[in-house]
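Topology and contacts: notes
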Amino acid sequence: RHVKTHGKIGFQDLAKKIGAKWRALPLDELAEYKRLAEIDAQRYKKDIEKFEKEQEEVAAAETLKDMVRGSIMDPPTLV
């Protein structure tokens, strides 16, 4: 258990205060935060999809480079 503190407020007390304020929000404010969270979740999903596509393209390019290097570096074999 972490006992060292900076003298202001502990994490547990801070979490309780934040939770109490969140529960006390009027419904219209809560709806606005949920709307913003949905927008951000959609942005995040698009960003992740873009990142994953870019990573696939990088991997494909590296594979192609390795294949080209292999065909250039390996001398033809004589039978």
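Our subject is the structure that appears above.
To start, this report covers the structure provided alongside it. (Residues numbered from 1 in each chain as written. Predicted model: local features only at pLDDT ≥ 70, side-chain atom pairs only at ≥ 80, totals over all residues. Heavy atoms only, no water.)

**Some words on the packing of aromatic side chains**
Within the structure shown, the criterion is met by one aromatic pair. Relative to Y33, the ring of W22 lies with its centre 5.9 Å away and its plane at 50°, an arrangement referred to as tilted. Separated by eleven residues along the polypeptide, W22 in helix α1 (residues 11-23) and Y33 in helix α2 (residues 27-73) bring together distant segments of the chain. (Phe/Tyr/Trp six-rings, centres within 6.5 Å; stacked < 30°, edge-to-face > 60°. Helix = DSSP H or I, 4+ residues; strand = E, 2+ residues; numbered from the N terminus.)

**Thoughts on the pattern of salt bridges**
Inspection of every chain in the model, using the stated rule, returns four salt bridges. Here R43 and D40 are joined by a salt bridge, their closest N and O atoms 2.8 Å apart. Within this pair, R43 and its partner D40 are both found in helix α2, separated by three residues, close to a single helical turn. Of the residues examined, R43 reaches a relative accessible area of 40% and is grouped as partly exposed. A single salt-bridge network, built from bridges that share partners, covers D40, R43 and D47. (Salt bridge = Lys/Arg side-chain N within 4 Å of Asp/Glu carboxyl O. Buried < 20%, exposed > 50% of the residue type's maximum accessible area, 1.4 Å probe, protein only.)

**Concerning α1**
Taking 1.5 Å of rise per residue, 13 residues should cover 18 Å, and α1 covers 18 Å from first to last C-alpha, within 8% of that figure. By the criterion of burial, α1 is predominantly exposed, with just one of the 13 residues buried. (Expected span 1.5 Å × (residues − 1).)

**Structural notes on a nonpolar patch on the surface**
Together, W22, Y33, L36 and I39 make up an exposed nonpolar region whose accessible area comes to about 410 Å². Broken down by element, the nonpolar patch gets its largest block of residues, three residues, from α2. The partly exposed category is assigned to Y33, whose relative accessible area is 43%. (Patch = residues over 30% accessible without salt bridge, like charges linked within 9 Å, V, L, I, M, F, W, Y side chains within 5 Å. Areas by Shrake-Rupley, 256 points an atom, 1.4 Å probe, with all protein chains shown as cover.)

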